[in-house]
Amino acid sequence: MIHGEHAVKTSEIVAEVSDRHPHAAWAPRIDGIAASTGIETRGWMLPLETAVAPGEGSGLRAVGIAPAQEALTRGGFTQQDVDRVIAALETIPAPQTVQERTAPAWEAVQSYGERAARGALQEAGLDAADVDCLITSHSTTPALPGLDMALANRLPLRSDVMLLPATQWACIAGTRSLALAADLVAADPDRVVLVVISEALSTTYQPADDTLESLIVRLLFADTAVAAVVTGRPRPESVLRLDAAWHHTLPGTQDLHRLETRADGTHFVMDRRGPRAVQETVTAMWEWLRARYQDDPDTWHPDVLLAHPGGTRVLEYMEQTMPDAWPSGLLDHSRDSYTSGNRGGAAVFDILRRAHDAGQQKPGNRAVLYAAAPGLTATALEGQWL
């Protein structure tokens, strides 16, 4: 795990947003809204000042000085008035362009991804030359070529490595990449798969937006890069054995949560119906587990549940819908992870890392990993702690 190195406090975001939008409908409630997230600090790859800085040039950048002068002259302004108006307009800062906003973030995504990849290989006792397949995801910094090609050159990887970029997996990148990796090593147990997810979710921080949804987005997201190695044969460094995967997609829900690219950059658009849709996938996952263990329904239960549903409301729903006989505290590591921000596709790995570092899991413990993402789609995995 490589967390964003710039600590951004919730109080700093609240101050910046309040100063910029003092008359927004939610302004009187901003302190309560911020407190309800339960997040006090999150790590970003770039500082808050970078996200809120104006763009290069002035407000005249879009039309140009010459066309503006010509339009004012045609409008009957004297040359003296034209000069004064142009001078005034040149003092108005322009918002950042997509390039200004994403270029430094894309460089950070590559750098963080490389560091995570090298760290994962080192922990696994492997070298870059041992990798047979690379799976990558980075939905918030679209680029072509993407993170797969960047890492193939930075690490570097062998020229015959299979590259599988999955840019649009977003919040399910953690679970779905593991499911794909498990299929790949099941087909060839000697195959070594490297998974790398690097997300600069802070690029969705849009200073000009004054909607309640935009405020929530600014408060929630954190930047993280993560890497893991998946092999087909047990190794001394192995942490988790993956036994089964489950996928579920709700039709007609593609507009509930989405990423939009506008003139000033990337915007994450949230819909209040989203949590209810995610809950539907949770219910379907319980049915999958129930059917998987129908011969032992009274005694089987996961010993740890590593869930990234995107918010605390769905975590509460998961607890409410669990069988009464299941032990309490299954979602503790998920809640702990969320207190330092929503990490998107990297979240499940952060939760897994927390469960590992806590030292409470014993060999043979059953683990369930779950995540939901815009689409609305979900993936879960079931396996055994090693």
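In this report, we go over the structure that sits alongside the text.

Quick notes on the rules
Residues numbered from 1 in each chain as written. Predicted model: local features only at pLDDT ≥ 70, side-chain atom pairs only at ≥ 80, totals over all residues. Heavy atoms only, no water. Helix = DSSP H or I, 4+ residues; strand = E, 2+ residues; numbered from the N terminus. Expected span 1.5 Å × (residues − 1). Salt bridge = Lys/Arg side-chain N within 4 Å of Asp/Glu carboxyl O. Buried < 20%, exposed > 50% of the residue type's maximum accessible area, 1.4 Å probe, protein only. Phe/Tyr/Trp six-rings, centres within 6.5 Å; stacked < 30°, edge-to-face > 60°.

Quick notes on helix H6 (residues 98-123)
Part 1: Look at H6: 37 Å from first C-alpha to last across 26 residues, which is about the 38 Å you get at 1.5 Å a residue.
Part 2: The first or second residue beyond H6 is Gly-125, which carries a positive phi of 70 degrees.

Thoughts on the pattern of salt bridges
Part 1: By the definition in use, this model includes 22 salt bridges.
Part 2: In this structure, the salt-bridge partner of Asp-190 is Arg-233, at a minimum N-O distance of 2.6 Å. Of the two residues, Asp-190 sits in the loop between helix H8 (173-187) and strand E6 (192-199) while Arg-233 sits in the loop between strand E7 (224-231) and strand E8 (240-249), which places them 43 residues apart along the sequence.
Part 3: A salt bridge links Arg-292 to Glu-382, with the shortest nitrogen-to-oxygen separation between them at 3.0 Å. Remark: Glu-382 occurs in strand E13 (residues 377-385) and Arg-292 occurs in helix H10 (residues 274-292); sequence separation between them is 90 residues.
Part 4: Looking at Glu-382, the relative accessible area reads 0%, which means it is buried.
Part 5: When salt bridges that share partners are traced, they join Arg-241, Asp-243, Arg-292, Arg-366 and Glu-382 into one network.

Concerning the packing of aromatic side chains
Part 1: All told, the structure shown has 6 aromatic pairs when counted by the stated rule.
Part 2: When the ring of Phe-221 is compared with that of Phe-268, the centres are 5.5 Å apart and the planes differ by 85 degrees; the resulting orientation is edge-to-face. Within this pair, whereas Phe-221 is found in the loop between helix H9 (212-220) and E7, its partner Phe-268 is found in strand E10 (residues 265-269), the two being separated by 47 residues in sequence.
Part 3: Relative accessible area serves as the criterion here: at 7%, Phe-221 is assigned to the buried category.
Part 4: The class of Phe-268 is buried, set by a relative accessible area of 17%.
Part 5: With a centroid separation of 4.2 Å and 10 degrees between ring planes, the pair formed by Tyr-293 and Trp-300 is classed as stacked. The burial state of Tyr-293 is the same as that of Trp-300; both residues are buried.
Part 6: One aromatic cluster in this structure is built from Trp-286, Tyr-293, Trp-300 and Trp-326.

Note that all results are geometric; they support no functional claim without further evidence.
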